[in-house]
Amino acid sequence: MLDKMREFDVEDVIADFEEKTKDAHRVQLETLQKILKQNAQAEYLRNLGLNGRTDPESYKSCVPIVTHQDLEPHIQRIIDGDTSSILTGTSVTTISLSSGTTEGKPKFLPFSEELFESTMQIYETSFAFRNREYPIQGGKALMFIYSSKQFRTSGGLYAGTATTNIFRHPQFRHRMKGMQSQCCSPDDVIFGPDFHQSVYCHLLCGVIHHEEIQFVSSTFAHSIVHAFEAFEQVWEQLCTDIREGTLSDRVTCPSIQASMAKLLKPNPELADLIYNKCSNLTNWYGLIPELFPNAKYVYGIMTGSMEPYLKKLRRYAGWLPLVCADYGSTEGWIAANVNPHLPPESATFAVLPDIGYYEFIPLMDTCNVHLEPEPVGLTEVEVGEEYEVIITTFAGLYRYRLGDAVKVMGFHNSTPELKFICRKNLLLSVNIDKNTEKDLQLAVQEASKCLMLEKVDGVDFTSHVDRSTEPGHYVIFWELASDHVDHNVLQDCCNCLDRSFADAGYVSSRKVGSIGPLELRVVHRGTFRKILEHFLNLGAAMSQYKTPRCVGVNNKAVLQILVTSVCFGSSDESMAEFRSSDEDDRDGRERDQRDVVFAVTGDSRRKRGTGCLVYWRAGGGGTKPEANLTSVRDYSSGLVNDEIN
């Protein structure tokens, strides 16, 4: 374990990384040996017959590949207070919670001192390479980090989100300060009970220290975008606070008030400076460098489900580079960004071979799920191939399916550099079709081009597989920056979404009618903020929040927010379902009258806001087909009334 109190030295950290990655195979064997030796007395490993052996052959023959569901009974015993060595050699004292945005409920996972150390090792490694590229000298960081409350489980263990457990660790601030990454906000803001008050005070602290800020960061790109969207709404109040040296009454938490009182002093010159800068910006382009003239970059996780926020983040960042943070999960960290000059879309992550033991299952283009290939080791992966990640950690996860799909882009010495592709288990699938989170993202990206002439941006999106009718079909929920978009444009967006799902199973199923028309449902402004609030109210931390990209039927609360937020037009408008007449020119085939639905406005006979949508079915394949009323769906009650003709 690293010495907690040592001085941080960039070149020493890089030299250590280079040494370990020169012979990643040897380091992996040593790491597995350490994990199994440390946890040799764990009941889980003893019951599998490992009997203290630490070689990879014995390990793989005795220990099966598992999912979180397989480990839930063991983890539940820990949560309930069983202090025996269940998954680890020593008792677990802290539990981490995942965000819960994927399945509607959080996963519970053991948290250990080793996980904190591996987190800091990842932070230090990526900072060392980042500081070579974009050197910073002293100063502070505007870090939009938030910690939810820890609580006690039924068995008396401390539990909190993974980021909460990291931020609340007694060594966190010291280690970050050593990396010249000291947060400009006091602890009371980070650990504040109300997210909105914390956002406001993070922004205020950043402006107060505007000349000292060296970089702007958050765990996820979404959090940075959200913070500066809030800035657009409160910047004048921030200027008033600075001018008068008093805190807005929107902040009511006593501990935050006390901490901010120590920072706030009347400063009319700074207030005028910020006011003039903001007043002269066009569409808030370059807001971050205007506010923080010494900032070198903007930093956070920007891959996967965060990519849709890059356009707006680039608007705020202006000429500052966006630097992608590292690759990991609640279960544990995996790899660091050692190529910080690459844009987020091209970011790769070099695996640290000493913080866990890694295996990779090749992802094959096969429909036969019974022929899953055997996993390969860290140094056995091949450039250009895609894999599912399997991890073994010091904290009691053994041959655990992380659920991530990655692509090997190259090697740093002998350790692979990975590109995150998508969450493997987030699938849109009705029949034989398999469309991933990445496929959905690309489809929405393509459909967004239809909005360019309208000069309207997409705010956020998600999806759902509707099997309530036969045949089942995809539903895309999309929030736009304007509630007033031409219906023909939305028709084009809907057609484009349907065409952009290129999976062979989807294309063939749509042709033969075993998958129904895709639906586009445009939701009101603020819908995705409601979803965020929902998860925050459940105890999730903003630092861990990710918009769920595929909402399953079990995620009832989020689905209810979505279906009751579909936009309603004025009383003389109608919502239409059109038949696509576009051709699929990829192989010369036509789409065979692939029906496409777009849901925009409501029934003029029903009161606005009741959750009722009227569907109009196109009678022909022209550009302006005759419409016939076919059904009314009342999403508030979940009933379908097909009696209107």
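This one's a predicted model, so the numbers in the text were calculated from it and none came from an experiment. (Residues numbered from 1 in each chain as written. Predicted model: local features only at pLDDT ≥ 70, side-chain atom pairs only at ≥ 80, totals over all residues. Heavy atoms only, no water.)

Novice: Can you help me understand the overall build of the chain in this one?
Specialist: What the chain contains, in helices and strands, is 20 helices and 26 strands. The buried share of the chain, reckoned over its 645 residues, is 56%. Long-range pairs, those at least 24 residues apart, make up 69% of the contacts in the chain with a sequence separation of at least 6. (Helix = DSSP H or I, 4+ residues; strand = E, 2+ residues; numbered from the N terminus. Buried < 20%, exposed > 50% of the residue type's maximum accessible area, 1.4 Å probe, protein only. Contact = heavy atoms within 4.5 Å.)

Novice: In this structure, what is going on with unusual backbone geometry? I would like to understand it.
Specialist: Both trends apply: most residues other than glycine have a negative phi, and most peptide bonds are in trans. Omega for the bond connecting Glu-470 with Pro-471 falls within 30 degrees of zero, at -5°, which places this linkage in the cis form. Positive phi values are uncommon outside glycine, yet Asn-283 reaches one of about 55°. Along the polypeptide, Asn-283 turns up in the loop between helix 13 (268-279) and helix 14 (287-291). With phi around 50°, Arg-399 is a residue other than glycine that occupies positive phi space. Looking at the element boundaries, Arg-399 is found in the loop between strand 14 (386-392) and strand 15 (400-412).

Novice: Would you mind showing me how to read the packing of aromatic side chains here?
Specialist: Both the distance between ring centres and the angle between the ring planes are used here to describe each pair of aromatic rings. For the structure on display, the rule yields 20 aromatic pairs. A ring pair is formed by Tyr-134 and Tyr-297, whose centres lie 5.7 Å apart and whose planes are at 45°; its orientation type is tilted. Residue Tyr-134 is located in the loop between helix 6 (113-133) and strand 3 (140-144), and its partner Tyr-297 is located in strand 7 (residues 297-301); the two are separated by 163 residues in the primary sequence. The same class applies to Tyr-134 as to Tyr-297, namely buried. (Phe/Tyr/Trp six-rings, centres within 6.5 Å; stacked < 30°, edge-to-face > 60°.)

Novice: Help me understand the packing of helix 10 (residues 195-208) against helix 12 (residues 254-263), please; the structure alone is not making it clear to me.
Specialist: A pair of packed helices can be characterised by two numbers: the angle between their axes and the separation between those axes. In the contact formed by helix 10 and helix 12, the axes pass within 11 Å of each other and the chain directions differ by 10°. In terms of their interaxial angle, helix 10 and helix 12 are classed as roughly parallel. Contacts from Gln-197, Ser-198, Cys-201, Leu-204, Cys-205 and Ile-208 of helix 10 reach helix 12 at Ile-256, Met-260 and Leu-263. Of the residues in the contact of helix 10 with helix 12, the class split is seven nonpolar, two polar and no charged. (Axes fitted to C-alpha atoms, helices over the stretch in contact; angles between N-to-C directions. Parallel < 35°, antiparallel > 145°, perpendicular 65-115°, else oblique. Nonpolar A, V, L, I, M, F, W, Y, C, P; charged D, E, K, R; others polar.)

Novice: I tried to follow the sheet that holds strand 10 (residues 332-336) on my own but got confused; where do I start?
Specialist: Across a sheet, strands are paired by hydrogen bonds formed along the backbone, either parallel or antiparallel in direction. The strand order across the open sheet formed by eight strands is 9-10-11-16-15-14-12-13, and the pairing between neighbours is antiparallel. With partners counted over all chains shown, the strands left at the sheet margins are strand 9 (327-329) and strand 13 (376-377), one partner each. (Pairing = 2+ DSSP bridges.)

Novice: I would appreciate a short explanation of the state of the cysteines in the present structure.
Specialist: Each disulfide consists of one covalent bond between the sulfur atoms belonging to two cysteines. This structure, assessed with the given rule, holds zero disulfides. Its sulfur unpaired, Cys-494 is 8.5 Å from the next cysteine sulfur, which belongs to Cys-493. Lacking any disulfide linkage, Cys-496 is separated from the closest cysteine sulfur, that of Cys-450, by 4.5 Å. (Disulfide = S-S within 2.5 Å.)

Novice: Would you mind showing me how to read the packing of helix 16 (residues 437-448) against helix 17 (residues 487-500) here?
Specialist: For the pair helix 16 and helix 17, interaxial distance at closest approach is 8 Å and the crossing angle is 145°. Taken as a pair, helix 16 and helix 17 cross one another with a handedness that is right-handed. Across the interface between the two elements, Ala-443, Val-444, Glu-446 and Ala-447 of helix 16 pack against Cys-493, Cys-496, Leu-497 and Ser-500 of helix 17. Broken down by class, the residue content of the contact of helix 16 with helix 17 amounts to six nonpolar, one polar and one charged. (Left-handed = near helix turned anticlockwise from the far one by under 90°.)

Novice: Looking at this structure, I do not really get the nonpolar core. What am I missing?
Specialist: It is characteristic of soluble globular proteins that their nonpolar side chains tend to be buried jointly. Phe-228, Phe-231 and Tyr-327 are the most contacted members of the largest nonpolar core, which has 154 residues in total. Of the residues forming this core, the biggest block, 12 residues, is contributed by helix 11 (residues 221-244). Look past the residues within four positions of Phe-231 in its chain and what remains in contact with it is Leu-203, Val-207, Leu-238, Cys-278, Trp-284, Leu-287 and Leu-291. (Core = buried A, V, L, I, M, F, W, Y, C linked by side-chain atoms within 4.5 Å.)

Novice: Even after reading the chapter, I still don't get the pairing of strand 10, so can you show me in this structure?
Specialist: Within a regular strand, side chains alternate between the sheet's two faces. Strand 10 sits mainly inside the fold: five of its five residues count as buried. Bridge count between strand 9 and strand 10: three bridges; the pairing is antiparallel. From the neighbouring strand, Ser-329 faces strand 10, where its bridge partner is Gly-332. Where strand 9 folds back on strand 10, the antiparallel hairpin that results is connected by two residues. Strand direction decides the pairing type here: strand 10 and strand 11 (residues 349-351), joined by two bridges, are antiparallel. The partner of Ala-336 across the bridge, within strand 11, is Ala-350.

Novice: I keep staring at the sheet that holds strand 4 (residues 151-152) and nothing clicks. Help me out?
Specialist: Read across the open sheet, the four strands follow the order 2-1-5-4; overall the sheet is mixed. Strand pairing shows two members of the sheet lacking a second neighbour, strand 2 (108-111) and strand 4, which therefore form its edges. Looking at chain direction, strand 1 (residues 94-97) and strand 5 (residues 158-161) are connected through four bridges and run parallel. When the sheet's bridge partners are listed, Ile-95 is paired in strand 5 with Ala-159. Running at roughly 60° to strand 2, helix 5 (residues 68-79) makes contact with strand 1 and strand 2 of the sheet.

Novice: Any chance you could explain the side chain of Ser-217 here in plain terms?
Specialist: Note on placement: Ser-217 falls in strand 6 (residues 213-220). With relative accessibility at 5%, the residue Ser-217 sits in the buried group. Once residues within four sequence positions are removed from consideration, Ser-217 is found in contact with Leu-142, Met-143, Phe-144, Ile-224 and Tyr-299.

These values are about where atoms sit, not about what they do.
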